[in-house]
Amino acid sequence: MKAVTWQGKQDMQVVEVPDAKIEERTDVVVQVTSTGLCGSDLHLYDPLTPFMTAGDVVGHEPMGVVRDVGSAVTTLKPGDRVVVPFNISCGTCWMCSRGLHSQCETTQNRDTGTGASLFGYSKLYGRVPGGQAELLRVPFADTLPIKVPDGPPDDRFLFLSDVLPTAWQAVEYADVEDGGTLLVVGAGPIGDMAARIGMHRGLRVIVVDSVRERLARVHGRGAETIDHTQVDGVGDAVRELTDGRGADAVIDAVGMEAHGSPVAETAQKALGLLPKKVQEKVMLNVGSDRLAALLSAIDAVRRGGTISISGVYGAPTDPLPMFELFDKQVQLRMGQANVRRWSDDILDLLQQDEDVLGVESFATHHLPLDDAPEAYRKFRDKEDGMVKVVFNP
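Reading the values: rules and limits
- Residues numbered from 1 in each chain as written.
- Predicted model: local features only at pLDDT ≥ 70, side-chain atom pairs only at ≥ 80, totals over all residues.
- Heavy atoms only, no water.
- Helix = DSSP H or I, 4+ residues; strand = E, 2+ residues; numbered from the N terminus.
- Rg over C-alpha atoms; globule rule 2.2 N^0.38 Å.
- Contact = heavy atoms within 4.5 Å.
- Areas by Shrake-Rupley, 256 points an atom, 1.4 Å probe, with all protein chains shown as cover.
- Lys, Arg positive; Asp, Glu negative; His and termini not counted.
- Charge placed at Lys NZ, Arg CZ, Asp CG, Glu CD.
- Buried < 20%, exposed > 50% of the residue type's maximum accessible area, 1.4 Å probe, protein only.
- Arc of directions from axis to C-beta.
- Pairing = 2+ DSSP bridges.
- Right-handed = clockwise from strand over helix to strand, strands pointing away.
- Axes fitted to C-alpha atoms, helices over the stretch in contact; angles between N-to-C directions.
- Core = buried A, V, L, I, M, F, W, Y, C linked by side-chain atoms within 4.5 Å.
- Parallel < 35°, antiparallel > 145°, perpendicular 65-115°, else oblique.
- Nonpolar A, V, L, I, M, F, W, Y, C, P; charged D, E, K, R; others polar.
- Salt bridge = Lys/Arg side-chain N within 4 Å of Asp/Glu carboxyl O.
- pLDDT = per-residue confidence, 0-100.

### A look at the overall build of the protein chain
A tally of helices and strands in the protein chain yields twelve helices and 16 strands. Against the globule reference of 21 Å for 393 residues, the protein chain gives a C-alpha radius of gyration of 20 Å, in line with a compact fold. Of the contacts made within the protein chain by residues no fewer than 6 positions apart, 72% connect residues no fewer than 24 positions apart. Of the roughly 16600 Å² of accessible surface on the protein chain, 49% is carried by carbon and sulfur atoms. Each charge class in the protein chain can be summarised by its mean position, and for the 39 positive and 56 negative side chains these summaries are 3 Å apart.

### Considering helix H12 (residues 372-381)
Taken residue by residue, H12 has Ala372, Ala375, Tyr376 and Phe379 as its buried positions. Looking down the long axis of H12, one finds its buried residues gathered within 105 degrees of arc, a one-sided arrangement. Just downstream of H12, Lys382 is the residue with a positive phi angle, here 55 degrees.

### Here we look at the pairing of strand E11 (residues 224-227)
Each regular strand displays side chains that alternate between the two surfaces of the sheet. For strand E10 (residues 204-209) and E11, the ladder comprises four bridges, and the chain directions are parallel. Within E11, the position partnered with Val207 by the bridge is Thr225. Once you follow E10 into helix H5 (residues 212-219) and on to E11, the crossover reads as right-handed.

### Description of the sheet that holds strand E14 (residues 331-334)
Reading across from one edge, E11-E10-E9-E12-E13-E14 is the order of the six strands in this open sheet, with parallel pairing throughout. Pairing within the sheet leaves two strands with one partner each, and these edge strands are E11 and E14. Strand-to-strand twist across the sheet, computed as the mean angle between neighbouring axes with direction ignored, equals 20 degrees. Sheet strands touched by helix H6 (residues 234-241): strand E9 (181-185), E10, E11 and strand E12 (247-252). Its angle to E11, the strand with the most contacts, is close to 150 degrees.

### Looking at the sheet that holds strand E2 (residues 11-16)
Pairing is antiparallel across the open sheet formed by three strands, whose spatial order is E2-E1-E4. The sheet is open, and its two borders are formed by E2 and strand E4 (56-57), each paired with just one other strand. With six bridges joining them, strand E1 (residues 2-8) and E2 adopt antiparallel strand pairing. Considered in E2, the bridge of Gly8 is made with Asp11. With respect to the sheet, H12 is in contact with E1 and E2, its orientation differing from that of E2 by roughly 160 degrees.

### Some words on the nonpolar core
Across soluble globular proteins, nonpolar side chains have a tendency to be buried as a group. Core analysis: the biggest nonpolar cluster contains 70 residues, and Phe159, Leu182 and Met193 have the highest contact counts within it. With 22 residues, the next largest nonpolar core counts Val234, Val250, Val301 and Val330 among its residues.

### Regarding the packing of helix H3 (residues 163-174) against helix H11 (residues 339-350)
Contact geometry for H3 and H11: axes closest at 9 Å, N-to-C directions at 100 degrees. It follows from the interaxial angle that H3 and H11 lie roughly perpendicular. Taken together, the residues of H11 that come into contact with H3 (itself represented by Leu164, Pro165, Trp168, Gln169, Glu172 and Tyr173) are Val339, Trp342, Asp345, Ile346, Leu349 and Leu350. For the contact of H3 with H11, the residue count by class is nine nonpolar, one polar and two charged.

### As for the pattern of salt bridges
Using the criterion set out here, one finds 23 salt bridges in the structure. The partner of Glu23 in a salt bridge is Arg137, and the shortest N-O contact between them spans 3.8 Å. With a gap of 114 residues between them, Glu23 in the loop between E2 and strand E3 (28-37) and Arg137 in strand E7 (residues 135-138) connect regions that are remote in the sequence. Take Glu23: its relative accessible area is 53%, and that puts it in the exposed class. Between Glu383 and Arg377 there is a salt bridge, and its shortest N-O distance comes to 3.1 Å. Classification of Arg377 by relative accessible area gives partly exposed; the value is 26%. Overlapping salt bridges, with partners in common, bring together Glu374, Arg377, Arg380, Asp381 and Glu383 in one network.

### Quick look at the confidence of the model for the protein chain
Residue-level pLDDT values for the protein chain average 91, and 90% of them are 70 or greater. Taken together, the stretch residues 258-271 has pLDDT below 50 and engages in 22 contacts with residues farther than four places along the chain or on a different chain. Considering only residues more than four positions removed or in separate chains, one finds that residues 282-287, a stretch of pLDDT under 50, has 23 contacts.

### A word on the environment of Val128
Structurally, Val128 is set in the loop between helix H2 (94-97) and E7. The sequence separation of Val128 and Val57 amounts to 71 residues, and the corresponding C-alpha distance is 8.1 Å.

### Comments concerning H11
When we look at burial in H11, the residues that qualify are Val339, Trp342, Ser343, Ile346, Leu347, Leu349 and Leu350. Down the axis of H11, the smallest arc covering the buried residues is 145 degrees, so these residues share one side. Elements that come into contact with the buried residues of H11 comprise strand E8 (146-147), H3 and helix H4 (189-200).

### Quick look at the pairing of E3
Most of E3 is tucked away: eight of the ten residues are buried. As defined by bridge partners, E3 adjoins E7 across four bridges and the pair is classed as antiparallel. Bridge pairing in E7 links Val29 to Arg137. Two elements, E3 and strand E16 (residues 389-392), share three bridges in a ladder whose sense is antiparallel. Bridge pairing in E16 links Gly36 to Val390.

### Description of the side chain of Asp162
Within the secondary structure layout, Asp162 lies in the loop between E8 and H3. An unpaired buried charge is present at Asp162: no salt bridge exists, and Lys388, the closest side chain of opposite charge, is 6.3 Å distant. Sequence-distant contacts of Asp162, defined by excluding residues within four places in its chain, comprise Cys38, His60, Glu61 and Phe86.

What follows is the structure in structure tokens.
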């Protein structure tokens, strides 16, 4: 089968690899019909390369049609249409039973000290072959895949794999009261979708970014916008719009790739000059992230407000302004999305006749799998109006 594979820093290649196949009685094999390119995939492109191995199959936002079924599977059959969540959760352990599927005790990676395994996401998270491929082996077939109806186009359901539950959880964790103000830092796929969900719930939504096309996109759906390159400070700009108080809650939808953190950026670049084994140890023990987005969120949130972090951070020694957080009485909520915690509620919304979140027009680019290497580069560089890419194997 064809698959997108990591071959080195900033080197994605589409190659032929052995077909995915049933390995456990509880598996299914899905023939992938659509699969997304995520901002988190860019972390594998660079800077999380120390945890990758040449030939790793990437991607964690797939959907498709069940082709083969393990002998113990009772809820799916060949021909069923499914979306595959990005985190691999058993659905039955202590963590999963409490809605913490991203911490699944069955697939936790205790050797690296990380949570549930993820499809296509390095040895930090299990080194499980990913979904930017023609076929995908899916474990826990009776509890993990999300069965969706035939009929609507893939894009109606595809974003159940990651974008929708990640944005949904971000808004849930923000916990803004009716009519309150939600600030979203970052207008990439997650920030864009979080803004849509917030507005669907009747919140006042303000979005911060610097890419004009992305700001225009969220503004077109009703959000207020701030270009952070055109103001002296995000916090001051937000307070001007909120009676001097600040936003009731802020979603950091950017994470470690934020611009405006020159010291951390220099450190990340220097890290790439070290031997790979040394890079691993540094990143796990003394690395630091670019914190411009998070620091803006801390400044812009009102006293007693909440910061919900959906952007991925990966370093163990990030310095935080603890006095400011404590003095402002800020709540912090964060973590990988617990996809199966939210998927049924989101699916009910998606099955309405009206496309209330605009998911069918959410992707800016639909491309063949062979175009993946160039798509990674363009997505990283924010070229060609690229916000969300969907590959069709």
